[in-house]
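# Notes for the structure review
Spelled out from the first residue to the last, the chains are:
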Amino acid sequence: MVYAVQETVGGTEYACKVVSKTTLVKARAQSKMLTEINIHRAVSCGHVVRFVRCFEDDANVYILMELCSNRTLADVVKKRGAMREEEAACYLREVLAATAHLHAMRVIHRDLKLGNLFLTAEGLAEVEEDGPGTDPSLGRDAQSCRIKIGDFGLACSLENDSQRRKTVCGTPNYIAPEVLMGKQGGGR
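Every value quoted in this text rests on a predicted model; they were computed, and no experiment measured them.

### Some details on the overall build of the protein chain
Of regular secondary structure, the protein chain possesses five helices and eight strands. Along the protein chain, helices (α) and strands (β) appear in the sequence β-β-α-β-β-α-α-β-β-α-β-β-α when read from the amino end. Its C-alpha atoms give the protein chain a radius of gyration of 18 Å, within 12% of the compact-globule value 16 Å for 188 residues. Each principal axis of the C-alpha atoms in the protein chain carries an extent, and together these give about 55 × 50 × 30 Å. Per-residue burial for the protein chain yields a buried fraction of 35% across its 188 residues. In the protein chain, the share of contacts with a sequence separation of at least 24, taken over all contacts with a separation of at least 6, comes to 66%. For the protein chain, the exposed surface amounts to about 11,800 Å²; the carbon and sulfur share of it is 52%.

Right, here's the structure in full:
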């Protein structure tokens, strides 16, 4: 679960992902949690939700991150319906910039979907006022973006450029048919 939290001293707000240690009993689950933390900690890109710090107590692991707007691109599409090409293009440019940065670091997100694209406060204001893609000042650089990629729970790092991953993972509704069909599929 992810909660909006506020520091008692200073009042700074964050998003806090809380993971129960009861889900981290097996070594594989612990390893995945460490991988998520290490990857997210290493990424420094304006189009990616900023990692702040992590800590734990006897019951949970806590990952503190920048707080976006508590809305995702999935929420926008659910409320407004399908986007026109011009509207979607502004988001796609930002996703591609973030993905290029991640790939340059040899990081593969492996769960890119509308629900993991978080609207910034500026991005939410744009949608609510005039609609997606209407503010020409947004998206010109990573400091003034509409969305940020989050949730590195399925992300992995490659050791070199020739390494490949063959794990079928991600959200089932977003997995390409040729991946689901394996060798019988038409994908290459």
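### Examining the packing of aromatic side chains
Evaluation of the coordinates by the stated rule reveals one aromatic pair. Consider the rings of F55 and Y62, whose centres lie 5.0 Å apart with planes at 20°: the pair is stacked. We classify F55 as partly exposed; its relative accessible area is 39%. Residue Y62 is classed as buried on the basis of its relative accessible area of 14%. Just above the ring of Y14 sits the side chain of R53; from NZ or CZ to the centre is 6.0 Å.

### Remarks on the pairing of strand β3 (residues 51–56)
In this structure, β3 lies alongside strand β4 (residues 60–66), joined through five bridges in antiparallel fashion. Paired with F55 across the strands is Y62, a residue of β4. Hairpin geometry of β3 and β4 is characterised by an intervening segment of three residues between the two adjacent antiparallel strands.

### Points about the side chain of T72
Note on placement: T72 falls in the loop between β4 and α2 (73–80). Overall, T72 belongs to the buried group, its relative accessible area being 10%. Every residue in contact with T72, bar those within four places of it in the chain, is listed here: L114, G115, L117, F118 and L119.

### Quick notes on the nonpolar core
Counting 20 residues, the largest nonpolar core has V48, Y91 and L119 as the members making the most contacts within it. Elements that contribute at least two residues to this core include exactly α2, α3 (85–104), β6 (117–119), α4 (121–129) and β7 (147–149). Take this core: its biggest share by element is five residues, from α3. Once residues lying within four places of it in the same chain are set aside, the contact partners of V48 are H40, V43, E66, A98, L102, K148, I149 and F152.

### Observations concerning the environment of D151
Assignment of secondary structure puts D151 in the loop between β7 and β8 (156–157). According to the relative accessible area criterion, D151 is partly exposed, its value standing at 32%. Through-space distance from the C-alpha of D151 to that of E36 is 8.5 Å; in sequence the pair is 115 residues apart. Within the structure, the side chain of D151 is placed 3.1 Å from the backbone nitrogen of G153, a separation counted as a polar contact.

So, how was this worked out
- Throughout, a residue's number is its position along its own chain's written sequence, starting from 1.
- The model is predicted, so local features are restricted to residues of pLDDT at least 70 and side-chain atom pairs to those at 80 or more, both for listing and for counting; the totals for chains, interfaces and linings are taken over all residues.
- Calculation of side-chain values draws on the structure's entire complement of heavy atoms; hydrogens and water are dropped beforehand.
- Secondary structure elements are taken from DSSP: a helix is a run of H or I of four residues or more, a strand is a run of E of two residues or more, and numbering for both begins at the N terminus.
- Note that the radius of gyration is over C-alpha atoms, with the globule rule given as 2.2 Å times the number of residues to the power 0.38.
- Remark: exposure states derive from per-residue accessible area (1.4 Å probe, protein chains only) relative to the maximum for the residue type, with buried under 20%, exposed over 50%, and partly exposed in between.
- Contacts are assigned to residue pairs that have any heavy atoms within 4.5 Å of one another.
- Shrake-Rupley sampling with a 1.4 Å probe provides the accessible areas, and residues are treated as covered by the protein chains on show and by no other component.
- Two rings belonging to Phe, Tyr or Trp (six-membered ring only in the last case) form a pair when the distance between their centres is within 6.5 Å. Interplanar angles under 30 degrees mark stacking, angles over 60 mark edge-to-face geometry, and anything in between is tilted.
- We call a charge positioned above a ring when the Lys NZ or Arg CZ atom is no farther than 6 Å from the ring centre and deviates by at most 35 degrees from the ring normal.
- The pairing criterion is simple: DSSP has to find at least two bridges between the two strands.
- Within this scheme, the nonpolar core is defined by two criteria: the residues are buried Ala, Val, Leu, Ile, Met, Phe, Trp, Tyr or Cys, and they are joined through side-chain atoms within 4.5 Å.
- Any pair of N or O atoms that falls within 3.5 Å is considered a polar contact. Within protein, one atom must be able to donate a hydrogen and the other to accept it, and sequence-neighbouring residues count only if both atoms are side-chain atoms.

It is worth stressing that arrangement in space is one thing and function is another; only the former is reported here.
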